[in-house]
Amino acid sequence: MERPTVAIITDDAAFANALTRRWLTEREVPAFVLVQGDSDFQNTLDFDLAVAVRIAPENLAATVNSLNATNKPAILVSSLNGNSPHGPKLTVLPEVLEWPNLVVLVSQQMLQRERSRQELTRFQQTITELQRDASLGRFMLEARHNLNNALTSVLGNSDLILLEADQLPATLRQQVETIRNMGMRMNEIMHRFSSLQKEMQLMEQQSGSSGVRSAAAGAI
């Protein structure tokens with residue numbers, strides 16, 4: 001989430017202006033989208049946080065339903081007493097005298113929480129990808145010995161056959177040469193894999209040594 005978008009949903013433009021003016025005094029200002037309270041925005045509007053304020057009574061239920069349907073964090077500034085609307089990501093704030101200050105404060109916290117949630121999701125995806133790659137690497141390490149044995153057999157037998165290449169039909173000789181060349185290419189790949197493993201082990205050893213030296217230096 002680089003610059004969040006805040007949807008201001010209201011039936012009173014003066015309240016939207018009051019909120020945006022208050023937000024402009026902050027160091028970080030989101031992008032704003034103004035929506036009428038009677039609009040069906042749940043499938044057409046893209047935002048990170050919604051703030052609904054001064055919704056006409058006849059539009060309130062539909063607005064709350066739309067907010068809940070988006071599954072996005074939302075704030076409803078309400079002057080209702082008693083039963084207040086509710087939803088899984090809906091926060092209801094009272095319409096007190098300094099409500100813009102309260103809305104901005106709560107909004108900043110909600111946006112930060114949403115940003116942290118998105119970062120956590122990306123982090124979990126990265127961990128899953130790394131675990132998958134690590135599993136593939138372990139499989140390659142475990143299978144490397146068997147692959148090397150199979151390649152040695154393929155290359156050895158193809159070399160033996162090619163020693164009598166003059167007695168082979170031209171087509172068969174080309175096929176055997178292709179098998180040997182592909183075997184050599186696979187052998188090069190396995191050697192690169194071994195070299196990469198050694199480089200990674202060396203990096204781990206150097207990293208461990210650096211950590212030990214840093215710890216020792218800090219203890220002095």
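If you're wondering where the values come from, they're calculated on a predicted model, not measured in any experiment.

Caption draft 1: Representation of the overall build of the protein. Check the secondary structure of the protein and you find four helices and five strands. Here the protein has a C-alpha radius of gyration of 33 Å; the compact-globule value for 220 residues is 17 Å, and the former is much larger. Dimensions of the protein, computed from the C-alpha atoms along their principal axes, are close to 95 × 65 × 30 Å. For the protein, contacts bridging at least 24 residues in sequence account for 64% of all contacts bridging at least 6. For the protein, the exposed area adds up to about 14,700 Å²; of that, 54% sits on carbon and sulfur atoms. For the protein, the centre of its 20 positive side-chain charges and the centre of its 24 negative side-chain charges are spaced 6 Å apart.

Caption draft 2: Geometry of the pattern of salt bridges. Tallying each qualifying case throughout the model produces seven salt bridges. One salt bridge in this structure joins R22 and E26, with 2.8 Å as the shortest N-O distance. With a relative accessible area of 23%, E26 lands in the partly exposed category. We note a salt bridge from D46 to K72, for which the minimum N-O separation is 3.7 Å. Of this pair, D46 sits in the loop between β2 (31-36) and β3 (49-53) while K72 is found in the loop between α2 (57-70) and β4 (74-78), placing the two residues 26 residues apart along the sequence. Note on D46: relative accessible area 63%, which makes it exposed.

Caption draft 3: Here's a closer look at unusual backbone geometry. With phi around 50 degrees, R54 is a residue other than glycine that occupies positive phi space. Mapped onto the fold, R54 is located in the loop between β3 and α2. With a relative accessible area of 36%, R54 lands in the partly exposed category. Unlike most non-glycine residues, N71 shows phi in positive territory, near 60 degrees. Within the secondary structure layout, N71 lies in the loop between α2 and β4. Take N71: its relative accessible area is 46%, and that puts it in the partly exposed class.

Caption draft 4: Structural view of the side chain of S158. Looking at where S158 falls in the secondary structure, it is placed in helix α3 (residues 99-162). Here V154 takes part through its backbone oxygen, which lies 3.0 Å from a polar atom of the side chain of S158. If we ignore the near neighbours within four places in the chain, the residues touching S158 are V176 and R180.

Caption draft 5: Highlighting the packing of aromatic side chains. Inspection of every chain in the model, using the stated rule, returns two aromatic pairs. Considering the side-chain rings of F15 and W99, the 5.7 Å spacing of their centres and the 20 degrees angle between planes classify their relative orientation as stacked. Of the two residues, F15 sits in helix α1 (residues 13-23) while W99 sits in helix α3, which places them 84 residues apart along the sequence. Each member of the pair, F15 as well as W99, carries the same accessibility label: buried.

Caption draft 6: View of the environment of V92. By the secondary structure assignment, V92 is in strand β5 (residues 90-94). Classification of V92 by relative accessible area gives partly exposed; the value is 29%.

Caption draft 7: Quick peek at the nonpolar core. Counting residues in hydrophobic clusters, the biggest one holds 18 residues, and the most contacted among them are V6, L19, V51, I75, V77, W99 and V103. At the level of secondary structure, the elements contributing two or more residues to this core comprise β1 (5-10), α1, β3, β4 and α3. With six residues, the single largest contributor to this core is α3. Those residues in contact with W99, other than ones at most four positions away along the chain, are F15, A18, L19, V53, V77 and P94.

Cut-offs used in this document
Residues numbered from 1 in each chain as written. Predicted model: local features only at pLDDT ≥ 70, side-chain atom pairs only at ≥ 80, totals over all residues. Heavy atoms only, no water. Helix = DSSP H or I, 4+ residues; strand = E, 2+ residues; numbered from the N terminus. Rg over C-alpha atoms; globule rule 2.2 N^0.38 Å. Contact = heavy atoms within 4.5 Å. Areas by Shrake-Rupley, 256 points an atom, 1.4 Å probe, with all protein chains shown as cover. Lys, Arg positive; Asp, Glu negative; His and termini not counted. Charge placed at Lys NZ, Arg CZ, Asp CG, Glu CD. Salt bridge = Lys/Arg side-chain N within 4 Å of Asp/Glu carboxyl O. Buried < 20%, exposed > 50% of the residue type's maximum accessible area, 1.4 Å probe, protein only. Polar contact = N/O pair within 3.5 Å; in protein donor to acceptor, adjacent residues only side chain to side chain. Phe/Tyr/Trp six-rings, centres within 6.5 Å; stacked < 30°, edge-to-face > 60°. Core = buried A, V, L, I, M, F, W, Y, C linked by side-chain atoms within 4.5 Å.

Worth remembering: the numbers are spatial, not functional.
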